[in-house]
Amino acid sequence: MPIIPTVGRKSPTIRALIFLLFLVLTLGAVTMVYPFALMLSTATTGNADWQEFNLIPRYWHDDQELFRKYIYDKADLSTLAFEYGRENWYAVQDIRPEDFDELTRVPKDALARIDEDWREFLAAAPDDVKQLHFLAHGDSDYTTLGLQPAYFEWLRGKYQDDINKVNRLYDDTAEEWKEFGLPRGSGGGLELEPQNPRHRDWREFVLSRPHSRQRVISLDQITLGELRNLFGTVEGLNRQKGTSYGSLLDVTWGELSKTDWGRDIQDKLLRTDWPIEQLRLTDAAKEPFETFAAEWKTPFHGAPPTETITRGVWVQFLRSGDCKLEYLEPLDPLTMWRAFLEKKYGTPERLNEAHDMHYDSFVDVPLPNRYVDYHTFLQQKRSLRWKYLLGNFGMVLDFIVLHGDSLINTLILIVCTVATALTFNPMAAYVLSRFRLRYAHHILIFLLVTMAFPAEVCMIPGFLLVKSFPIGAICVGAAVLLFYVLTRMFIVKVRLPMFLNITLAAVVTGLAAYYLPPLLARAMGREDLNVTLMNTFFALVLPGIANGFSIFLLKGFFDSLPPELYEAAMLDGAGEVRIFLRITMPLCKPVLAVIALGAYTSAYGTFMFAFLTCQDPSMWTLMVFLYQFQQTYSIPLVMASLVITAIPTLLVFIFCQGIILRGIVIPTFK
């Protein structure tokens, strides 16, 4: 009988009621879909835009927003602030699309010539000025275009995916490639040790990168970074030092040499922050160095030595008071870049014509990274957008498939859980429904009482049971019960009421299971006959073999089946097992599907109990594995992992919704 009667449905009141019902249902659907849609869109973002929480990320349709993401993945903000001439870039939110208007106005042919000049310069430049280590935001920022995935993939390729070989070479104990990390040194830089295999590999990796991924460290760049750290803004610098600069970018390395406080900054930067490979000692440092190194009898070297002991002495002299600032000669890539352009073009006019710029002299020429970035972006724009759309999902899938056995463990757990749920629950419900026991309602009440306790309450006794499983008591109890049954059948043939017979069997079995195992354990020289099921599939499957709600639901469904079916089957000579398997189970497919779905969702989504009982990484289920993943990686990757784990359950319910709906309707005979 319909809730809303057919008669009168065309009246305004009934129509308004129907419209209101559909509106409420639609709003309810939106409240369910919106969180998933937001999670899905966040999974396609990165470190540059995940905090915006837009249903449609802007980079999907905005090229400048896509370029913003692209450069943020390539370098840290301090480097970008210098290369793009934006001293106010302190956070990713400070990078605005209009900051790239200048780049968009540069003709594509001019960008191509700048890119080609940069490629030629890097090909001819010394390897010592090529740096990549400072581009990584941190070990936890594992991004789609970040340095870490490329570096670890390169390592795996070089060593044929043999991590043990790398451990022996590096004297390390890493279990995953990510644990090797990126080589780092003091001041965020990298003090290369030529005899160190880890650093040799790093240098080889750096030199294998395309020119569009190369970055160089210039004196003006570290100057800007230090001023931002010390003074924050140009106003802070002018207030503390009494200067009148208009921008921190105006304070170049040459400007620092004009003041005492500036020379102090230069001294600190060259000794601690400047890459050692880009530093040389002048001839004036030869005599002080030989005096300093007389104890070790180390000869003078203008460049950093490669031999470990000699290099250590060289570094000690560099950071000692005997090494004056005028002894230090840094290799500045910006100066080298300007000299390269001057040699190639001769005059600023020819350079301006080729690069479509307006430089007054070669001293005004900056590093071309912004133009190289934009040229590369224009060439790869379409593929970049797809990489950002799917990159996080690919990284999560790669992590799941290649690290551990969580997928296999979860699949085994689901199969075992569904199989036991469809075996033990129907058998218990069939007995209660088929034989109409007088005390069946007491059993049902007991089963319903189990639903009153939350899973967290049952978790403690379940954990204790798994940790010390009484296998000895179970075996003794089973043996005594078997002995009791055989005795009643063949020796003591006195007929007793069923209730008394069952009670007597339970008492005898219980007393034997309680008192005999300790005696047997002492006789065997053991503390007890218990075993631990920790880190096994038994720990995950056994506590949930029987479910009170499932038995209650199945019994109600079995009660609705016509008794004439059973009578006809018995007249045909069918036994209870055949009746159960050939009649009852096929007629109950809808409700069995509901039970199977419940068992699937329980096994697939299990976390806390699996986390407690299976702490061995080789036994982690998917949810436990992703929990560990989420402790390490960024928010977009976490959202991508949640989307991936939600898809199987979503697909199961989509394809099984017809079975679920049929399970709601109690079958009847016409």
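Residues numbered from 1 in each chain as written. Predicted model: local features only at pLDDT ≥ 70, side-chain atom pairs only at ≥ 80, totals over all residues. Heavy atoms only, no water.

The number of helices and strands found in the protein is 31 helices and two strands. Compactness check: the protein gives a C-alpha radius of gyration of 37 Å against a globular reference of 26 Å for 670 residues, more than 25% above the reference. Every one of the 670 residues in the protein was classed for burial, and the buried ones make up 44%. For the protein, restricting intrachain contacts to residue pairs at least 6 apart in sequence, the fraction spanning at least 24 positions comes to 71%. Of the roughly 36200 Å² that the protein leaves accessible, carbon and sulfur atoms contribute 63%. The distance from the centre of the 63 positive side-chain charges to the centre of the 72 negative ones in the protein is 13 Å. (Helix = DSSP H or I, 4+ residues; strand = E, 2+ residues; numbered from the N terminus. Rg over C-alpha atoms; globule rule 2.2 N^0.38 Å. Buried < 20%, exposed > 50% of the residue type's maximum accessible area, 1.4 Å probe, protein only. Contact = heavy atoms within 4.5 Å. Areas by Shrake-Rupley, 256 points an atom, 1.4 Å probe, with all protein chains shown as cover. Lys, Arg positive; Asp, Glu negative; His and termini not counted. Charge placed at Lys NZ, Arg CZ, Asp CG, Glu CD.)

Another aspect to go through is the confidence of the model for the protein. Put simply, the protein has an average pLDDT of 86, and 93% of its residues get 70 or more. Considering only residues more than four positions removed or in separate chains, one finds that residues 133–140, a stretch of pLDDT under 50, has 33 contacts. pLDDT under 50 marks residues 666–670. Its contacts with residues more than four places away, or in other chains, come to four contacts. (pLDDT = per-residue confidence, 0-100.)

The subject of this paragraph is the packing of aromatic side chains. Considering all chains together, one arrives at 42 aromatic pairs under this definition. Taken together, a centroid distance of 5.7 Å and an interplanar angle of 75° make the contact between phenylalanine 289 and phenylalanine 300 edge-to-face. Taken as a pair, phenylalanine 289 in helix α13 (residues 286–292) and phenylalanine 300 in the loop between α13 and α14 (308–318) lie far apart in primary sequence, eleven residues in all. A relative accessible area of 19% means that phenylalanine 300 is categorised as buried. Lysine 69 extends its terminal NZ or CZ atom over the ring of tyrosine 388, reaching a point 4.3 Å from the ring centre. In this arrangement the basic side chain of arginine 228 is found over the ring face of tyrosine 90, its NZ or CZ atom lying 4.2 Å from the centre. (Phe/Tyr/Trp six-rings, centres within 6.5 Å; stacked < 30°, edge-to-face > 60°. Lys NZ or Arg CZ within 6 Å of the ring centre and 35° of its normal.)

A few words on the environment of alanine 37. For alanine 37, the position within the fold is in helix α1 (residues 12–43). A relative accessible area of 27% means that alanine 37 is categorised as partly exposed. Along the primary structure alanine 37 and isoleucine 56 are separated by 19 residues, whereas in three dimensions their C-alpha atoms are 9.3 Å apart.

This part covers the side chain of aspartate 76. In this fold, aspartate 76 is placed in the loop between α2 (63–74) and α3 (77–83). Of the side chains with opposite charge, arginine 228 lies nearest to the buried aspartate 76, which makes no salt bridge, at 7.3 Å. Within the structure, aspartate 76 has its side chain in polar contact with the side chain of threonine 79 (distance 2.8 Å). (Salt bridge = Lys/Arg side-chain N within 4 Å of Asp/Glu carboxyl O. Polar contact = N/O pair within 3.5 Å; in protein donor to acceptor, adjacent residues only side chain to side chain.)

Attention now goes to the pattern of salt bridges. As enumerated under the stated definition, the model contains 31 salt bridges in all. Where arginine 215 meets glutamate 83, a salt bridge forms, and the shortest distance between an N and an O atom there is 2.8 Å. Within this pair, whereas arginine 215 is found in the loop between α8 (197–208) and α9 (219–231), its partner glutamate 83 is found in helix α3, the two being separated by 132 residues in sequence. A salt bridge links arginine 215 to aspartate 373, with the shortest nitrogen-to-oxygen separation between them at 2.7 Å.

With that settled, the discussion passes to unusual backbone geometry. One non-glycine residue, aspartate 171, lies in positive phi territory at about 55°. Within the secondary structure, aspartate 171 sits in the loop between α7 (163–170) and α8. You can call aspartate 171 exposed: its relative accessible area is 72%. The backbone of aspartate 356 shows a phi angle near 55°, a positive value even though the residue is not glycine. Among the secondary structure elements, aspartate 356 is positioned in the loop between α16 (348–355) and α17 (369–402).

Here the focus is the environment of glycine 157. On the secondary structure map, glycine 157 appears in helix α6 (residues 147–158). Residues glycine 157 and isoleucine 579 lie 422 residues apart in sequence; the distance between their C-alpha atoms is 61 Å.

Its twelve residues give helix α26 (residues 576–587) an end-to-end C-alpha distance of 15 Å, which sits within 8% of 16 Å, the value for a rise of 1.5 Å per residue. On its buried face, α26 is in contact with α18 (406–434), α24 (548–559), α25 (563–571) and α27 (589–605). (Expected span 1.5 Å × (residues − 1).)

Where a protein is soluble and globular, its nonpolar side chains tend to be buried together. Membership of the largest hydrophobic core comes to 82 residues, with the highest contact counts inside it found for Phe67, Trp89, Leu281 and Trp337. Excluding residues that lie within four positions of it along the chain, phenylalanine 67 makes contacts with Tyr84, Phe100, Leu103, Arg370, Asp373, Tyr374 and Phe377. (Core = buried A, V, L, I, M, F, W, Y, C linked by side-chain atoms within 4.5 Å.)

The next point concerns helix α22 (residues 498–523). With 26 residues, α22 ought to run about 38 Å at 1.5 Å a step, and its terminal C-alpha atoms sit 37 Å apart, in line with that. At leucine 516, α22 shows its maximal kink, close to 30°; a proline, proline 517, follows between one and four residues later. If you check which residues of α22 are buried, you get Ala505, Thr509, Ala512, Pro517 and Ala521. Phi turns positive, to about 75°, at glycine 525, one or two residues after α22. (Bend = angle between axes of the 7 residues up to and from the residue.)

Among the secondary structure elements, leucine 444 is positioned in helix α19 (residues 440–450). Leucine 444 sits in the buried class, given a relative accessible area of 14%. C-alpha of leucine 444 to C-alpha of alanine 429: the two residues are 15 residues apart in sequence and 9.7 Å apart in space. Apart from the residues within four sequence positions on either side, leucine 444 is in contact with Leu432, Phe552 and Lys555.

Relative orientation and spacing of two packed helices are given, respectively, by the angle between their axes and the distance between those axes. Interhelical geometry of helix α21 (residues 471–490) versus α22 gives an angle of 140° and a closest axis separation of 8 Å. The angle between α21 and α22 falls in the class oblique. Between α21 and α22 the crossing geometry is right-handed. Where α21 approaches α22, its residues Gly472, Ala473, Val476, Gly477, Val480, Leu481, Tyr484 and Arg488 are matched on the opposing element by Asn501, Leu504, Ala505, Val508, Thr509, Ala512, Ala513, Leu516, Pro517 and Leu520. (Axes fitted to C-alpha atoms, helices over the stretch in contact; angles between N-to-C directions. Parallel < 35°, antiparallel > 145°, perpendicular 65-115°, else oblique. Left-handed = near helix turned anticlockwise from the far one by under 90°.)

Right, let's talk about the packing of α1 against helix α30 (residues 635–655) for a bit. Interhelical geometry of α1 versus α30 gives an angle of 130° and a closest axis separation of 7 Å. Considering their axes alone, α1 and α30 lie oblique with respect to each other. The interaxial crossing formed by α1 with α30 has left-handed handedness. Contacts between α1 and α30 pair Phe36, Met39, Leu40, Thr42 and Ala43 from the former with Pro636, Met639, Ala640, Leu642, Val643 and Ala646 from the latter. Of the residues that constitute the contact of α1 with α30, the class distribution is ten nonpolar, one polar and no charged. (Nonpolar A, V, L, I, M, F, W, Y, C, P; charged D, E, K, R; others polar.)

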